[in-house]
Amino acid sequence: MKKRTILSSAIVMGIALVALLCLQTLYFNEVIDICAEQFDLQTMRSLHRVAHETDEALREFPAYEELTIEERINGRNIDKRLRKLLDENGVDIPYHFRVLTADGRQIYACSDYENPGRAKEYSLQLFRDSPKAQMGVLYVHFPQRQKFILESVHYMVPVVVLILLVLVLFIFILSESVRQRRLAEEKNDFINNMTHELKTPISTISLAAQMLADKSMPKTETTLGHLSGVIVDETKRLRFLVDKVLQMSLFDQGRKTSFKLKEIDLHELVTDVVDTFRIKAEKNGGRLTTDLQATNPVVMADQLHLTNVVFNLLDNAVKYRSPDRPLQLSVKTQSDGKHLILTIADNGIGIASDNLKRIFEKFYRVSTGNRHDVKGFGLGLAYVRSVVKTLGGTIHAESQPDQGTSFIIRLPQEE
């Protein structure tokens, strides 16, 4: 599927899911508002019935018109009627109530009365046909009102949760699709690079073999020595390329049995590799320096793999040198008491911050613009990180475009 098709489909599906979630949320809020209105209606209907029954019961007393508001109020009877009527109207949750005079003086409150705080308080006038001094106001509030309303629409919660789940799964699947597509592209690049890299030594070896088989060609000692040297060099190159691929395959399978740990003097190892690379750096008009300051250069490591780590980092520095200035390469060591720190720095083309986050991923290669002389599989730094991690260390890179790159490796040391 084309990238544009994936993007278009993702945008349409994303908009549809978000719109569905918004509509469901609006509907959910509307249902809550309707339930709240119904709760208010049922409560007020109960209060009106309480006021009516309280007034009717009072008329049974002789000379009830002369009774004071305090004499008219029977808290237990009001509580009993209120509970019965609320239950009949479906409001079967705890409540608190009080009765105040028309001028705001409290004359009764239930035994467990609590201040309503922010809770909604319902009120209704009692004895409204009596003089003001004999009137009262009934106040009722429900501490669990909001919870009761939300529980009445609990059946809608799974719907919202399911929509959110679908949205999360959609985002996950989309990100995985993009990642898989990117990985497929990187693998294709890897196969193309590998094919190109392997063709060169194979073609050279084939040509040398044809020359040896050519009977018309004089077989002098110099010619034979040159052709055999070419075959040996190209065979080594071919073996190095194959070993790099196989080594990453071993790391992917979790096989670390090839590691033979022993005490390694990092200074000696670095010196050997640097001596080899110094000629290569000078051949490209550059300079390679060392600053080996670590007080204790001994670490537990595998000689071959640690050598390959240093070799890969120096080789990358030469490959990605700047065409505008002479190459400057430096290798530095230092100790912090618990770790041996190896820093390999250059003044090459550098790496942008977006690319810097991914340079240790398999098959990932930083674009070099119009430069076509930089070849590789995108496995070197992935191999380096795997080796360092297997040795219990860490590696990170610091870089800025056109200013160079530094790789800092920290390997653990016994105290």
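Scroll up to find the structure.
All of the points below concern the structure found in this document. Fair warning: this is a prediction, and the values are worked out from it, not measured in the lab.

1. Considerations on the packing of helix H8 (residues 303–319) against helix H10 (residues 380–390)
Across the interface, H8 lies against H10 with an axial gap of 10 Å and an inter-helix angle of 145 degrees. The crossing of H8 and H10 is left-handed. Residues His305, Asn308, Val309, Asn312, Leu313 and Asn316 of H8 form the contact with H10, whose participating residues are Gly380, Leu381, Tyr383, Val384 and Val387. Here the contact of H8 with H10 is composed, by residue class, of six nonpolar, five polar and no charged.

2. Description of the pattern of salt bridges
Scanning the entire structure with this criterion turns up 12 salt bridges. Across the pair Glu88 and Lys84 runs a salt bridge whose closest N-O atoms are separated by 2.7 Å. Note that Glu88 and Lys84 are positioned in helix H3 (residues 75–88) at a spacing of four residues, about one turn of the helix. When the shortest N-O distance is used, the salt bridge between Glu361 and Arg358 registers 3.1 Å.

3. What about the sheet that holds strand S2 (residues 106–109)?
Within a beta sheet, neighbouring strands are joined by backbone hydrogen bonds and run either parallel or antiparallel to one another. Pairing within the open sheet is antiparallel, and its four strands lie in the order S2-S1-S4-S3. In this open sheet, the two edge strands, each paired with only one partner strand, are S2 and strand S3 (121–126). Each neighbouring strand pair of the sheet contributes to a mean axis angle of 20 degrees, computed without reference to strand direction. Of the pairings in the sheet, the one linking strand S1 (residues 96–101) to S2 comprises three bridges and is antiparallel in character. By the bridge assignment, Leu100 is partnered in S2 with Gln106.

4. A few points about the packing of aromatic side chains
Counted according to the given criterion, the structure contains eight aromatic pairs. Where Phe39 meets Phe142, the ring centres are 5.2 Å apart and the plane angle is 80 degrees; that geometry is what we call edge-to-face. Taken together, the positions of Phe39 in helix H1 (residues 3–58) and Phe142 in the loop between strand S4 (136–141) and helix H4 (145–152) put the pair 103 residues apart, joining distant regions of the chain. If you follow Arg72 out to its NZ or CZ, it ends over the ring of Phe127, 5.3 Å from the centre. Over the ring of Tyr139 we find Arg98, and its NZ or CZ is 5.3 Å from the ring centre.

5. So, the environment of Val91
For Val91, the location among the structural elements is in the loop between H3 and S1. The buried category is assigned to Val91, whose relative accessible area is 0%. When near neighbours in sequence (up to four residues on either side) are disregarded, Val91 contacts Phe39, Gln42, Thr43, Arg83, Leu86 and Phe142.

6. Observations concerning unusual backbone geometry
Although it is not a glycine, Phe127 sits at a positive phi angle of roughly 55 degrees. Looking at the element boundaries, Phe127 is found in the loop between S3 and S4. Residue Phe127 is classed as buried on the basis of its relative accessible area, which comes to 3%. For Asp402, which is not a glycine, the phi torsion comes out positive at approximately 65 degrees. For Asp402, a relative accessible area of 46% gives the class partly exposed.

7. Notes on the nonpolar core
If you look at the biggest cluster of nonpolar residues, it comprises 41 residues, and the most contacted ones within it are Leu306 and Leu314. Among the elements of the structure, helix H7 (266–283), strand S7 (298–302), H8, strand S8 (328–335), strand S9 (339–346), H10, strand S10 (394–400) and strand S11 (404–412) are those that each provide at least two residues to this core. In this structure, Leu306 is in contact with Ile264, Leu266, Leu269, Val299, Ala301, Leu391 and Leu411, ignoring residues within four places of it in sequence. In terms of nonpolar packing, the next biggest core, distinct from the first, is built from 25 residues, Tyr64, Ile78, Phe127 and Phe142 among them.

8. Comments concerning the side chain of Asp302
On the secondary structure map, Asp302 appears in strand S7. Although Asp302 is buried, it makes no salt bridge; Lys260 carries the closest opposite charge, 6.9 Å away. A polar contact of 2.9 Å, which involves the side chain of Asp302, links it to the backbone nitrogen of His305.

9. So, the sheet that holds S11
Pairing in this open sheet of five strands is mixed, and the strands run S6-S8-S9-S11-S10 from one edge to the other. Of all the strands in the sheet, just strand S6 (287–292) and S10 have a single pairing partner and so form its edges. Here the average twist between neighbouring strands, direction ignored, is 10 degrees. Across six bridges, S6 lies against S8 in parallel orientation. Each residue of the ladder has a partner; that of Leu288, found in S8, is Leu329. Along the sheet, H7 makes contact with S6, S8 and S9, crossing S6 at roughly 165 degrees.

Cut-offs applied
Residues numbered from 1 in each chain as written. Predicted model: local features only at pLDDT ≥ 70, side-chain atom pairs only at ≥ 80, totals over all residues. Heavy atoms only, no water. Axes fitted to C-alpha atoms, helices over the stretch in contact; angles between N-to-C directions. Helix = DSSP H or I, 4+ residues; strand = E, 2+ residues; numbered from the N terminus. Left-handed = near helix turned anticlockwise from the far one by under 90°. Contact = heavy atoms within 4.5 Å. Nonpolar A, V, L, I, M, F, W, Y, C, P; charged D, E, K, R; others polar. Salt bridge = Lys/Arg side-chain N within 4 Å of Asp/Glu carboxyl O. Pairing = 2+ DSSP bridges. Phe/Tyr/Trp six-rings, centres within 6.5 Å; stacked < 30°, edge-to-face > 60°. Lys NZ or Arg CZ within 6 Å of the ring centre and 35° of its normal. Buried < 20%, exposed > 50% of the residue type's maximum accessible area, 1.4 Å probe, protein only. Core = buried A, V, L, I, M, F, W, Y, C linked by side-chain atoms within 4.5 Å. Lys, Arg positive; Asp, Glu negative; His and termini not counted. Polar contact = N/O pair within 3.5 Å; in protein donor to acceptor, adjacent residues only side chain to side chain.

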